[in-house]
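Per-entry structural report
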Amino acid sequence: MANRSNGLINFLQWPTAIEAGKATILDAALAAGVPYPHGCRSGECGSCKSRLVAGCVKMYGHSPDALSKEERACGLILARRSRPDGDVEVAWLDADASPASHSKQALRGRVAGIEAAAHDIVRLHIETVGKQLAFSAGQYADLSFGRLPARPYSMANRPNDGLLEFHIRRMPQGLVSGYVAEELCVGAEVMVAGPCGNAHLRGDVSRPLLLIAGGSGLAPMKSILLTALEQQWQAPIYLYHGVRDICDLYDAGPLSELAAHHGFRFIPVLSAPAVSSSERNGFVHEAVARDFTDLEGFDVYLGGPPPMVDAATDTVVSLGAKRSNIHADPFYAAPDRRSAGSMLRTIGRVLKSGRTQLDGQARRS
């Protein structure tokens, strides 16, 4: 009997069917160059939510926050969690995915600069060899250092800048982020694969922008901001950066100067300051709720920890923002290493086996 998992995937928004093989719909699409909307590449953020028009799929476990039982009953699936069972026809839900499509690139690069942006944030500059990475503001790329597992990090620079800029937060017992913070040196080689993600800047310069960042989620928001300013954005722009305390805040000086020069609003927000300061206090979504009464007509971009993204999404929706105008990039962390010994054993296994991926597409650690 023929293996029904080796069917064809037809996309309503793409002219050519592709072979599914044994991959998920999202992985098969991206491997074939289809600009499929996605975010975390793990099926947890819900960005790959799609409609199953025809055929059957086997869908694996997922968070109900990404796809509810009611949505499943209405024929929706998560492309990253679904494998075709025979021929299928699928339609992704984000109609704006295609205009930002770039062919997936795998580029060799070198570390051109590395510095501490905050006590737990490393600012990394990478120069690619041969050609620049083509991407849209707000997207991310997978970075691979030697044989360590690839990790996705958002570009913080404009797409036409010469150097790629990344903001890498040091995670507790983080395998890759620990290496970047403690051992990575200028001149080291790095592989850059991308671009990925669909929380990219849309091109209507007449629509006001609300950018909400949590922690190192400032990186994609900074890329969007700088690109919008370069395009001489005609509508108001608001950038909120939520962190825990003043020591976690970074780039506040340059962004404040940029805001004074270009006329956008930059609002840092501290959720748990140890001492009083002149900055706003509270959660960043609460600051937004205090500042706005109506967000109808706004394009909203979110980047940072999933709880912040979820809370901010609920807030802006309650203020009138349309869900179709909300573009989010939640940063999911890779599983913690349970001990230093466990980390060393893991590194040893990676180096011995030559594997380049340990934790799937988990984000940022």
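Our subject is the structure that appears above.
Described in the following lines is the structure provided in the data block.

The rules we used
- Residues numbered from 1 in each chain as written.
- Predicted model: local features only at pLDDT ≥ 70, side-chain atom pairs only at ≥ 80, totals over all residues.
- Heavy atoms only, no water.
- Helix = DSSP H or I, 4+ residues; strand = E, 2+ residues; numbered from the N terminus.
- Buried < 20%, exposed > 50% of the residue type's maximum accessible area, 1.4 Å probe, protein only.
- Contact = heavy atoms within 4.5 Å.
- Phe/Tyr/Trp six-rings, centres within 6.5 Å; stacked < 30°, edge-to-face > 60°.
- Arc of directions from axis to C-beta.
- Core = buried A, V, L, I, M, F, W, Y, C linked by side-chain atoms within 4.5 Å.
- Pairing = 2+ DSSP bridges.
- Axes fitted to C-alpha atoms, helices over the stretch in contact; angles between N-to-C directions.
- Parallel < 35°, antiparallel > 145°, perpendicular 65-115°, else oblique.
- Left-handed = near helix turned anticlockwise from the far one by under 90°.
- Nonpolar A, V, L, I, M, F, W, Y, C, P; charged D, E, K, R; others polar.
- 1 Å grid on protein atoms, 1.4 Å probe; cavity = no way out; pocket = protein on both sides within 12 Å on 5 of 7 lines; lining within 4 Å.
- Points joined across faces, edges and corners; volume = space filled by probe spheres on them.
- Salt bridge = Lys/Arg side-chain N within 4 Å of Asp/Glu carboxyl O.

1. Examining the overall build of the protein
On a plain count of helices and strands, the protein comes out with eight helices and 19 strands. A total of 365 residues make up the protein; the buried ones form 52% of that total. Considering only residue pairs separated by 6 or more positions, the protein has 71% of its internal contacts joining residues 24 or more positions apart.

2. Remarks on the packing of aromatic side chains
Per the counting criterion, the structure on display carries eight aromatic pairs. Among the aromatic side chains, those forming a connected cluster through ring pairs are Tyr 238, Tyr 240, Phe 292 and Phe 298.

3. Considerations on helix α6 (residues 284-291)
Inspection of α6 places Val 284, His 285, Ala 287 and Val 288 among the buried residues, and these make up the whole buried set. Buried residues of α6 fall within an arc of 155 degrees about the axis and therefore sit on the same side. Structurally, α6 contributes buried residues whose contacts are with β14 (209-214), β15 (237-243), β16 (265-270), β17 (280-281) and α7 (306-318).

4. Here's the deal with the side chain of His 327
Tracing the backbone through its elements, the reader meets His 327 in strand β19 (residues 326-330). In this structure His 327 touches Ala 199, Arg 202, Val 300, Tyr 301 and Leu 302, once residues within four positions along its chain are discounted.

5. A few points about the nonpolar core
Core analysis: the largest hydrophobic core is formed by 28 residues, its most contacted members being Leu 201, Leu 209, Leu 211, Leu 225, Ile 237 and Leu 239. Going through the elements one at a time, β8 (105-118), β14, α4 (218-230), β15, α5 (252-262) and β16 are the ones with two or more residues in this core. With six residues, the top contributor of residues to this core is α4. Leave out the neighbours within four places in its chain, and Leu 209 touches Leu 201, Ala 228, Trp 233, Pro 236, Ile 237, Tyr 238, Phe 298, Asp 299 and Tyr 301.

6. A look at the sheet that holds β8
Here we have six strands laid out as an open sheet, ordered β11-β10-β13-β8-β9-β12, and antiparallel in their pairing. Sheet topology places β11 (151-154) and β12 (164-169) at the edges, where each strand pairs with a single neighbour. Mean inter-strand twist for the sheet, computed between neighbouring axes without regard to direction, equals 40 degrees. Both β8 and strand β13 (residues 189-196) contribute to a ladder of six bridges, which runs antiparallel.

7. A short note on the packing of α6 against α7
Running from N to C, α6 and α7 cross one another at 15 degrees; their axes reach a closest spacing of 9 Å. Classed by the angle they form, the pair α6 and α7 counts as roughly parallel. Between α6 and α7 the crossing geometry is right-handed. Contact with α6, carried on its side by Val 284, His 285, Val 288 and Ala 289, involves Met 308, Ala 311, Ala 312, Thr 315 and Val 316 of α7 and no other residues of that element.

8. Structural notes on the packing of α4 against α5
Running from N to C, α4 and α5 cross one another at 25 degrees; their axes reach a closest spacing of 13 Å. Judged by the inter-axis angle, α4 sits roughly parallel to α5. Considering the relative orientation of α4 and α5, their crossing is left-handed. Each of Leu 218, Leu 225, Leu 226 and Leu 229 in α4 lies in contact with α5, whose residues at this interface are Leu 255, Leu 258 and His 262. The class makeup of the residues in the contact of α4 with α5 is six nonpolar, one polar and no charged.

9. Some points on the environment of Ala 188
As for its placement among the helices and strands, Ala 188 is situated in the loop between α3 (175-182) and β13. Along the chain, Ala 188 and Val 111 lie 77 residues apart, while their C-alpha atoms are 5.4 Å from each other. Every residue in contact with Ala 188, bar those within four places of it in the chain, is listed here: Gly 109, Arg 110 and Val 111.

10. A few points about the layout of surface pockets
In this structure, the second largest pocket spans a volume of roughly 700 Å³. Those elements giving two or more residues to the lining of the second largest pocket turn out to be β12, β15, α6 and α7. In terms of residues, the lining of the second largest pocket owes the most to one element, α7, which gives four residues. Classifying every residue of the lining of the second largest pocket gives 16 nonpolar, ten polar and five charged.

11. Looking at the pattern of salt bridges
Counting across every chain of the model gives 15 salt bridges. Across the salt bridge formed by Arg 123 and Glu 165, the nearest N and O atoms sit 3.0 Å from each other. Of this pair, Arg 123 sits in strand β9 (residues 121-128) while Glu 165 sits in strand β12, placing them 42 residues apart in sequence. For the pair Arg 123 and Glu 165, one class covers both residues: buried. The partner of Arg 158 in a salt bridge is Asp 161, with the nearest N and O atoms 2.9 Å apart. One salt-bridge network, in which partners are shared between bridges, spans Glu 115, Arg 123, Glu 165, Lys 222 and Asp 251.

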